[in-house]
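Structure assessment
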Amino acid sequence: RVECFTASRISSLQHRNNFLLASSPSAVDEEKYRPTPPVPFRDENAFVLAGELPDEAHQDDASPPPIRQSKLSKNPLLSPPRRLPNPYGWMRDDSRTNTTVLNYLREENEYTRQMTQHLDGLTEELYEEFLVAIEETDYTTPAAYAGYWYYSRFVEGLSYPIYCRAPRKEGELYHPPINEGWNEKCDNPFDMQPLLPDEEVYLHLPEMASTKTYLASGAIRVSPDDKHVAYSLDEVGGETCQLYIKHIESGKERVLYDGDELLEGDGSIVWDNEGRAIFFCTLDATHRPYRLYRRQVFDNEGSYIDNKMQKDELIFEEEDGSFSLRIMKTFDRRHLVLTCSAKESTELHYIDLERSKDIEDSVAEQLVCISKRLDKLCYRATSCAGYWLIQTNNMGNTPNLSLKACRVGEEEDPSSWLDVVNTENEKPEVMFTGGDGRSLDGVTIFSPPDENNDAPLSYGVVSGREEGIPRIWILEFAEGEINDATMSLKASPLHVTKSCRLEFDESAYDCGIGGNRDNTLPHVVVSYDSLVTPPSHIAIPLSNPEDFEARKVLKEKQVEGYDKELFGCERFTVKSRDGETEIPVSMVFQRDSLTKNNGNIPVHLYGYGSYGASIESSFRSTRLPLLKRGVVYVLAHVRGGGENGRPWYEEQGKYLGKKNTFNDFVDIARWLTDESELGASDDIGRGITNPSKLSCEGRSAGGLLIGASINQAPDLFRAALLGVPFVDLMCTMVDSTIPLTCIEWQEWGNPNEEEYHDYMMSYCPMQNVQEGKTYPSCLITGGLHDPRVAYWEPAKFAATLRHKSTSPGPILLKTDLDAGHFAASDRYKYLKEQAFEFAYLLEQLGVV
C-alpha cells in the first residue's frame, strides 16, 4: 500500500492514540439515557493515490513500484495520479496487533452490545428455534468409496463434525440400515453409538477444537491405502492452513514442517496413487496460491520419513499475479489436474498418476499442458474413457460454455477440441453449444462395470442451468466416427447416444451433484431442495433416470415442527429501469402473511450479484423464525450473478456494467414498495410493503451491493445488514499489496486506469455516502483475520455513515476478533450470531 499524507501527517498519526474525539461508548447521555457511539479520529488531509505513482511515493529505492495493471491490460494509467480521500486510513493494520486499532474495535463492539442488550431475550429465543430446526445430532449421507462408507456426524453440544467411516461389503451399492440408537451418547461426551456397523472415527474435530477459539478444516484426504488421512486446518480464520498427516488406526498425528516453521498453504492436498507423497500449494505475500509442490512423506517400505529428511519438489510456479493455482484429482483418480486461473483466462496442466508410479524422473517433467493460456480463453477438463471433456467459452465467442472433447495426450491447443454431438435423433446435433438458452457448469463421469457387455462407454452427469434454474442432465457416451453430411462442424469420436434432463415435481428448486465418491456405481446421488422443501439426497439410476419409481431417497432432512403446507413461494420477474431486462425474483412466506396484505408487510430483501454466483431457491431452516413472525423473505437474482447463465454476469454485471447490479436491486425494492413505474411478469409482490417495513442484506460482494444501494436510495430501506462488506472499493483496488487485488482487477476493473477510475468511483460505497441524508439503520459486521475483505473496510464505512448521514436507528459495527471472512467456525457461535442479527432486524422492522 502507498498512502500519501500532507504536512499534517505526523500530527495525524499521533492522534491515532486519541481516536475518541467525543464520549466513549461506555458514556451515557444524561438527557436521553442512551449510549453514544465512538467518534474515531478523522484526518481530512489523508489520501491514497490512484494512477501513475511519483517516484517519491516508493517506500525506498530497493522497493519495486507496486504492480498497477495485469499483463493483459493495455489501458493507460491515470497521469497525473488522483487523490482518493482516506480519512480513516489509520484503521488499517496489516499485522492485526496495533493496540490502538484493537481497542477501537473493542469500543465499537461494546457500543453495539449496549445498544442491543435489550434484545438478549429475543436473541436467545431465536437461537433456541434454530437449534430445534437444525437437528443438533445428525449425520451426512454415507458415500461409498473403495472398501468404506464415508460420512460425518454432528452431536448435540459439539460444535464441529466428526469424520467417520464404516466397512463396505464387496458389491454393496447402498449403505446398510442405520443402527438403532445411533443418536444416543456413550459415557464419553465426545462419542456416540455407531451409525453403521464397525464405525471408525478418522478425524475428530470437536476434540481438536476444544482448546481453540477458531478451527476450520481445509482438505481432508484419506490415502489410497486407507491407512492415513492428510488434512489441513485454519486455526485463525485467515485462510492460511497448516498441514497434518494422521495414522488412522493408531491415531498418531504428525505435523508437517517447512524447515523449522510449520508448513503453511492454501489448504489443498492431493495424494499420489501410491499413498507415499502429497501435492500441496503455498501462498505468496498477497495470499495467492502460486506454487505447487510434491513432498514424499513415506518411503518405499511405507515408513514415515522424518520431517528433517523430507524434501519438496517444486512442480509449478505461477509468476503472473493475476493468476492463482488450484489442484484436484480427477473423479476416476487417474490424473492430478492443476488449474492456473485468472478471471478471464485459464491454463490447465495434468500429471498421469498411474504413469508416474513407474517413473523415477522428476515429477515436474511429467506435467502436461492441455492448452496454454490465451486471452479470453476459459476452460475446464474432465477425464472420460481416454478423452478430456472440455467445457470452454471458445475464446469468449460463446455466451456460455460449450462441450468439446479431445484424446488424452493429443491436447495441443483449442483447435484439437472437437464438438460432442448427440446422435440419439435422426440428425446429430451439438449437445451443449454455448448458446444463450442452456449453460454448462460441470461434468462428472461414471463408469460402472459392464457385466452384460451392453452398457455405454461411460455416463456423464452434467450440471448447468436452463430457464433460470439449476438443471442436471444424464448422458450416455459411446465412441466411434460420426459421418453426417449435414454436420457443418467436425465432431469428436466421443459422442452422446442418449440424454435425459432430470425433472422434479416442483417448478422452482435447487439441485446439484451430491456426495459421490465412487465412479463405478450405477447411480448418481443428487441433492434436492426448494424454498419450502427441506433437503434430500436421492440416488438416481444412470441407466434409467426418467423412472421416478426407480429413484431411491437416501436421506431427508427432518425439521421439527415444520409444516410445508403452511408456507408458499413464488418466482416472478421485475422489469429493470432499462425497460427491457427481466430480473428474476424469488419469494418465500408463511401463507397467512400475504392474506393480510395492506402494503405494510415486513419484507427482507437479500442479494449478492457478483462473480457469476447464483443465489438459489434453496431451503434454509434459519429463515423459519422470520417467516413465522410474518416476514416475507425475498431473493433478488440481480445481474452479476449466474442465474441466467454467464452473460448475466460476463456481459451485464461486471466491469463497466457493474451498476446494473445495484440498479436491479433498487428496482426490485421499488416494486415491492409500489414505487416502481415499471412492469413485471405479473403483480406478484407489488406493493406488499413500504420503506418503513423493508430491510436488506448482503455479505462480502453482496455487502458492496447493499452499500451502493442504500447510497442510491437511502430512503427506500428501514434497515440494512452488511456482512463483511466490500465497501472500500477504491482504496482497496488501487493497492496491489492487499490480498486478491490483482486478481480482482478482471472483475471490477483497475481504478488506477483511466478507463475504469471514474466509473468505479461513481458507485464505491465509501466514496458516495450522501451528506446529510437520512439512511437506514445498519448492522455492519467484520472479521479481524479476514483476508478477503479486511476488517478496516466495515470499520471505516460505519464511521463514514455516522459522520455524514443521519439515521432513525443506530449504525452498529461488530467485529469478530477471533474469525475471518466466513464468520464463526463453531456452529453454535455461528447460530448465535445469526440470531443476534435477526433480533436486530425484527426490532427495526417493528415486528417485536
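Presented here is a report on the structure given in the accompanying data block.

What counts and what doesn't
Residues numbered from 1 in each chain as written. Predicted model: local features only at pLDDT ≥ 70, side-chain atom pairs only at ≥ 80, totals over all residues. Heavy atoms only, no water. Axes fitted to C-alpha atoms, helices over the stretch in contact; angles between N-to-C directions. Helix = DSSP H or I, 4+ residues; strand = E, 2+ residues; numbered from the N terminus. Parallel < 35°, antiparallel > 145°, perpendicular 65-115°, else oblique. Left-handed = near helix turned anticlockwise from the far one by under 90°. Contact = heavy atoms within 4.5 Å. Pairing = 2+ DSSP bridges. 1 Å grid on protein atoms, 1.4 Å probe; cavity = no way out; pocket = protein on both sides within 12 Å on 5 of 7 lines; lining within 4 Å. Points joined across faces, edges and corners; volume = space filled by probe spheres on them. Expected span 1.5 Å × (residues − 1). Buried < 20%, exposed > 50% of the residue type's maximum accessible area, 1.4 Å probe, protein only. Nonpolar A, V, L, I, M, F, W, Y, C, P; charged D, E, K, R; others polar. Right-handed = clockwise from strand over helix to strand, strands pointing away. Core = buried A, V, L, I, M, F, W, Y, C linked by side-chain atoms within 4.5 Å. Phe/Tyr/Trp six-rings, centres within 6.5 Å; stacked < 30°, edge-to-face > 60°. Lys NZ or Arg CZ within 6 Å of the ring centre and 35° of its normal. Polar contact = N/O pair within 3.5 Å; in protein donor to acceptor, adjacent residues only side chain to side chain.

1. Remarks on the packing of helix α2 (residues 99-116) against helix α14 (residues 792-804)
Packing of α2 against α14 leaves a shortest axis separation of 12 Å and a crossing angle of 60 degrees. Judged by the inter-axis angle, α2 sits oblique to α14. When you trace α2 past α14, the crossing you get is left-handed. Here α2 contributes Y104, L105, E108 and Y111 to the contact with α14, which in turn contributes A795, A799 and R802.

2. Topic: the packing of helix α3 (residues 120-134) against helix α15 (residues 827-844)
Axis separation between α3 and α15 bottoms out at 8 Å; the angle between their running directions is 130 degrees. Of the possible angle classes, the one that applies to α3 and α15 is oblique. The chirality of how α3 crosses α15 is right-handed. On α15, the residues touching L122, T123, L126, Y127, F130, L131 and I134 of α3 are R827, Y828, L831, K832, Q834, A835, F836, F838, A839 and L842.

3. Considerations on the pairing of strand β40 (residues 567-575)
Each regular strand shows side chains that alternate between the opposite faces of the sheet. Both β40 and strand β41 (residues 582-590) contribute to a ladder of 9 bridges, which runs antiparallel. When the sheet's bridge partners are listed, F572 is paired in β41 with V585. In this antiparallel pair of consecutive strands, β40 and β41, the connection spans 6 residues, and G579 shows a positive phi of 80 degrees.

4. A look at the layout of surface pockets
There is about 670 Å³ of room inside the second largest pocket. Surrounding the second largest pocket, 38 residues form its lining, G238, T240, D284, A285 and H287 being those nearest its centre. Secondary-structure elements contributing two or more residues to the lining of the second largest pocket are β16 (261-262), β17 (264-265), β19 (277-283), β20 (289-296) and α14.

5. Here we look at the sheet that holds strand β28 (residues 402-407)
Pairing in this open sheet of 4 strands is antiparallel, and the strands run β26-β27-β28-β29 from one edge to the other. Pairing within the sheet leaves two strands with one partner each, and these edge strands are β26 (379-384) and β29 (418-419). Taken together, the 6 bridges between strand β27 (residues 387-392) and β28 define a ladder with antiparallel strand orientation. From the neighbouring strand, Q391 faces β28, where its bridge partner is L403.

6. Overview of the sheet that holds β20
One open sheet holds the 4 strands; their spatial order is β18-β19-β20-β21, and the pairing between them is antiparallel. Edge positions in the open sheet fall to β18 (270-271) and β21 (312-317), since each of these has one partner strand only. Pairing of β19 with β20, which is carried by 7 bridges, proceeds in the antiparallel orientation. Bridging from a neighbouring strand, L283 pairs with P289 of β20.

7. Regarding helix α10 (residues 701-712)
Taking 1.5 Å per residue, 12 residues should reach 16 Å; α10 reaches 17 Å between its end C-alpha atoms and fits that length. Within α10, 11 of the 12 residues are buried, which leaves it mostly tucked inside the rest of the structure. Those residues of α10 lying buried are A701, G702, G703, L704, L705, I706, G707, A708, S709, I710 and N711.

8. Re unusual backbone geometry
Of note, the bond from S79 into P80 is cis; its omega dihedral lies within 30 degrees of zero at 0 degrees. Here P80 shows up in the loop between β4 (47-50) and β5 (82-85). Even without being a glycine, L740 presents a positive backbone phi close to 80 degrees. Checked against the element boundaries, L740 lands in the loop between α11 (729-733) and α12 (741-748).

9. Overview of empty space enclosed by the protein
Applying the stated criterion across every chain, the model contains 8 cavities of 30 Å³ or more. Size it by volume and the largest cavity reaches roughly 90 Å³. Elements with a contribution of two residues or more to the lining of the largest cavity: β7 (143-145) and β37 (523-529). Taken together, the residues of the lining of the largest cavity break down into 9 nonpolar, 4 polar and 1 charged.

10. Description of the pairing of strand β45 (residues 719-723)
Along β45, 5 of the 5 residues are buried, which leaves the element largely enclosed by surrounding structure. Residue alternation in β45 divides its side chains into two sets, A719, L721 and G723 and A720 and L722, and both sets are buried. Relative to β45, strand β44 (residues 694-699) runs parallel, the two sharing 5 bridges. Residue pairing for β45: C696 is matched across the bridge by A720. The β-α-β motif built from β44, the intervening α10 and the parallel element β45 has right-handed crossover chirality.

11. Observations regarding the nonpolar core
The nonpolar side chains of a soluble globular protein tend to be buried with one another. Of all hydrophobic cores here, the largest spans 111 residues; its most connected members are L605, F665, I668, F717, W748 and I780. Leave out the neighbours within four places in its chain, and L605 touches V634, A636, F665, I668, A669, L672, L694, S695, C696, E697 and F717. Within the second largest apolar cluster, 18 residues are counted, among which are C384, M431, F432 and I445.

12. Observations concerning the packing of aromatic side chains
Under the definition given, this model contains 26 aromatic pairs. Look at Y231 and Y244: their rings are 5.3 Å apart centre to centre, the planes differ by 10 degrees, and that puts the pair in the stacked class. Highlighted residues: Y231 in strand β12 (residues 228-234) and Y244 in strand β13 (residues 241-247), separated in sequence by 13 residues. Of the two residues examined, Y231 and Y244, each falls in the buried class. The ring of Y148 has R165 lying over it, and the distance from NZ or CZ to the ring centre is 3.9 Å. Over the ring of F504 we find R551; its NZ or CZ atom is 5.4 Å from the centre of that ring.

13. Topic: helix α9 (residues 659-672)
With 14 residues, α9 ought to run about 20 Å at 1.5 Å a step, and its terminal C-alpha atoms sit 20 Å apart, in line with that. Summarising burial for α9: 11 of the 14 residues are buried, a large majority.

14. So, the side chain of D518
Turning to its location among the elements, D518 is positioned in the loop between β36 (510-513) and β37. The buried category is assigned to D518, whose relative accessible area is 7%. A distance of 2.6 Å separates a polar atom in the side chain of D518 from a polar atom in the side chain of T520. Beyond its immediate sequence surroundings of up to four residues, D518 is in contact with A144, Y145, A146, R168, F331 and F446.

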